[in-house]
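Commentary on secondary and tertiary structure
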Amino acid sequence: MEVEVLENKGNAAKFVLKNFNVSLANAIRRTIINGVKTLAIEDVMVYKNTSSMYDEVLAARLGLIPIKTPVELKDKGKFSFKLKEMGPKAVHASDLIPSDKDVTPAAPGMLIINLSEGESLDLEAETVWGNGEAHTKFTPAHVFYHFYPKITIPDSKVKGASKIASLCPVDILDGEKDTLSVKKGKLSDCTLCKACEDYAGSDVINVSSDTNKIVFDIESWGQLGIKDIMLETMSTLEGEVSEIAEKI
Ligand code: SF4
């Protein structure tokens, strides 16, 4: 197996897994979605709410705010946030006052509620640890994969090349001056949708995939960085596999 990192921005990464089993890639994806523990708001004590939003809806919104989850705090108790605001005001995640300076909303600009003149809120929210199996709010990332694309253009001189290029939803085709080509370094972005091939025909542009190579994309929701998500995923997978080995 070989790993080639195409992009790593800390909170988003794209890499190619070569000679890798697709079932294993799926196991990694599912473990990221369901098996990595993060913090999320679960219990909300509402002392005052004269806004137009029901307590339950407000609590559900708070639960969906991604909370930064330092791995060194894993499974260490609960953390809380206080929120006391008076309208008129647009209340954002950044208005939540945390009990711990390291456990804060990952997206401070996220809108919680618009309070009108005279409306007020006073509440306290508490986090719990959980994973995506319990609730999707704990899932740390959006993750997907596809086989590595193979695009063949037998003759680059194509009448209407710009029209074909314009159909590509990820803009990886170049169709200037009736010459069709894949933009340099953009091949791995092809989603294999085949919109180009369906329009122009497979004799003009042929899209297939290399099943020995998997393009893996991961975008963090902000609770954990990509490296921590991957390390937690591997340790969860390893734990589950060794449990099977021990019990058999
Ligand atoms: S298959 Fe889809 S994504 Fe790939 S080059 Fe064609 S139109 Fe673009």
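Residues numbered from 1 in each chain as written. Predicted model: local features only at pLDDT ≥ 70, side-chain atom pairs only at ≥ 80, totals over all residues. Heavy atoms only, no water.

Some points on the site of the ligand
Counted only if it meets this: The cutoff for a nearby residue is simple: one of its non-hydrogen atoms must lie within 4 Å of the molecule or strand. We call Asp, Glu, Lys and Arg charged. Ala, Val, Leu, Ile, Met, Phe, Trp, Tyr, Cys and Pro are nonpolar, and the rest, Gly among them, are polar.
Around the ligand, 13 residues are found, and the nearest of them are Cys168, Cys190, Cys193, Lys194 and Cys196. In terms of residue class, the shell around the ligand is made up of 11 nonpolar, one polar and one charged.

Here we look at the environment of Asp174
Here is the rule: Starting at the N terminus, helices and strands are each numbered in turn, a helix being any DSSP run of H or I of at least four residues and a strand any DSSP run of E of at least two. Each residue gets one of three labels from its accessible area relative to the maximum for its type: buried under 20%, exposed over 50%, partly exposed in between, using a 1.4 Å probe on protein chains only.
Mapped onto the secondary structure, Asp174 falls in strand 10 (residues 173–174). Its relative accessible area of 29% is what places Asp174 among the partly exposed residues. For the pair formed by Asp174 and Ala106, sequence separation is 68 residues and the distance between their alpha carbons is 38 Å.

Description of the domain arrangement of the protein chain
Note the threshold: In this entry, domain limits derive from an automatic or database-based domain assignment.
Parsing the protein chain into structural domains produces domain 1 (2–35 + 142–218) and domain 2 (38–138). Computed from C-alpha coordinates alone, the two centres of domain 1 and domain 2 are separated by 38 Å.

Focus: the packing of aromatic side chains
Each aromatic ring pair is summarised here by two numbers: the centre-to-centre distance and the angle between the ring planes. Applied cut-off: Only Phe, Tyr and Trp rings take part, Trp by its six-membered ring, and two of them pair if their centres are within 6.5 Å. Stacked means planes under 30 degrees apart, edge-to-face means over 60, and tilted covers everything else. Think of it as a cone above the ring: NZ of Lys or CZ of Arg counts as a charge over the ring if it is within 6 Å of the ring centre and within 35 degrees of the ring normal.
Across all of its chains, the model carries two aromatic pairs by this definition. Between Phe15 and Phe216 the ring centres are 5.3 Å apart and the planes differ by 15°, which places this aromatic pair in the stacked class. Residue Phe15 is found in strand 2 (residues 12–18), and its partner Phe216 is found in strand 12 (residues 206–220); the two are separated by 201 residues along the sequence. When the ring of Tyr145 is compared with that of Phe216, the centres are 6.1 Å apart and the planes differ by 5°; the resulting orientation is stacked. Of this pair, Tyr145 sits in strand 9 (residues 141–152) while Phe216 is found in strand 12, placing the two residues 71 residues apart along the sequence. According to the relative accessible area criterion, Tyr145 is partly exposed, its value standing at 25%. The buried category is assigned to Phe216, whose relative accessible area is 0%. Through successive ring pairs, a cluster of aromatic residues spans Phe15, Tyr145 and Phe216. Above the ring of Tyr199, the side-chain terminus of Lys163 is found at 5.8 Å from the ring centroid. If you follow Lys213 out to its NZ or CZ, it ends over the ring of Tyr148, 4.2 Å from the centre.

Observations concerning helix 5 (residues 226–247)
Operational definition: Multiplying 1.5 Å by the residue count of a helix minus one yields the expected span of that helix. Residues are treated as being in contact if the distance between any of their heavy atoms lies within 4.5 Å.
In a regular helix each residue adds 1.5 Å, so 22 residues correspond to 32 Å; helix 5 covers 32 Å between its end C-alpha atoms and thus fits that length. Taken together, the buried positions of helix 5 are Ile226, Ile229, Met230, Glu232, Thr233, Thr236 and Leu237. Those residues of helix 5 that are buried lie in contact with strand 2, helix 1 (22–35), strand 9 and strand 12.

Re the pattern of salt bridges
Where charged atoms of side chains with opposite charge meet at close range, the side chains can pair. Test applied: By convention in these notes, a salt bridge is any Lys or Arg side-chain nitrogen within 4 Å of a carboxyl oxygen on Asp or Glu.
Applying the stated criterion across every chain yields a total of 14 salt bridges. Among the ionic pairs, Asp102 bridges to Lys101, the shortest N-O distance being 3.5 Å. On the basis of relative accessibility, which here comes to 39%, the residue Asp102 falls in the partly exposed class. Lys101 gets classed as exposed once you look at its relative accessible area, which sits at 68%.

Here we look at the environment of Leu39
Tracing the backbone through its elements, the reader meets Leu39 in strand 3 (residues 38–49). Sequence-wise, Leu39 and Leu224 are 185 residues apart; in three dimensions their C-alpha atoms are separated by 10.0 Å. In contact with Leu39, other than residues within four places in its own chain, are Ile67, Lys68, Thr69, Phe79, Val103, Thr127, Val128, Trp129 and Phe138.

Regarding unusual backbone geometry
Here Gly87 and Pro88 are connected by a cis peptide whose omega angle stands at 5°. One can find Pro88 in the loop between strand 4 (80–86) and strand 5 (89–92). A positive phi angle, close to 65°, is found at Asp75, a residue other than glycine. Along the chain, the position of Asp75 falls in the loop between helix 2 (55–63) and strand 4. A residue is classified by how much of its surface remains accessible, and Asp75, at 44% relative accessible area, is partly exposed.

Concerning the sheet that holds strand 9
How we decide: Pairing between strands is defined by DSSP: at least two bridges between the two strands are required. Think of each axis as a best-fit line through the C-alpha atoms, taken over the contacting stretch in the case of a helix, with angles from 0 to 180 degrees between the N-to-C directions.
Taken together, the four strands give an open sheet; going across it, the order is 1-2-12-9, and neighbouring strands pair in antiparallel fashion. With one partner strand each, in any of the chains shown, strand 1 (2–8) and strand 9 form the two edges of the open sheet. Here the average twist between neighbouring strands, direction ignored, is 30°. Of the strand pairs in this sheet, strand 1 and strand 2 are connected by six bridges, and their pairing is antiparallel. Pairing of Val5 across the sheet is with Phe15, part of strand 2. Along the sheet face, helix 1 touches strand 9 and strand 12 and points at about 150° away from the line of strand 9. Strands strand 2, strand 9 and strand 12 of the sheet are contacted by helix 5, whose axis makes an angle of about 105° with strand 12.

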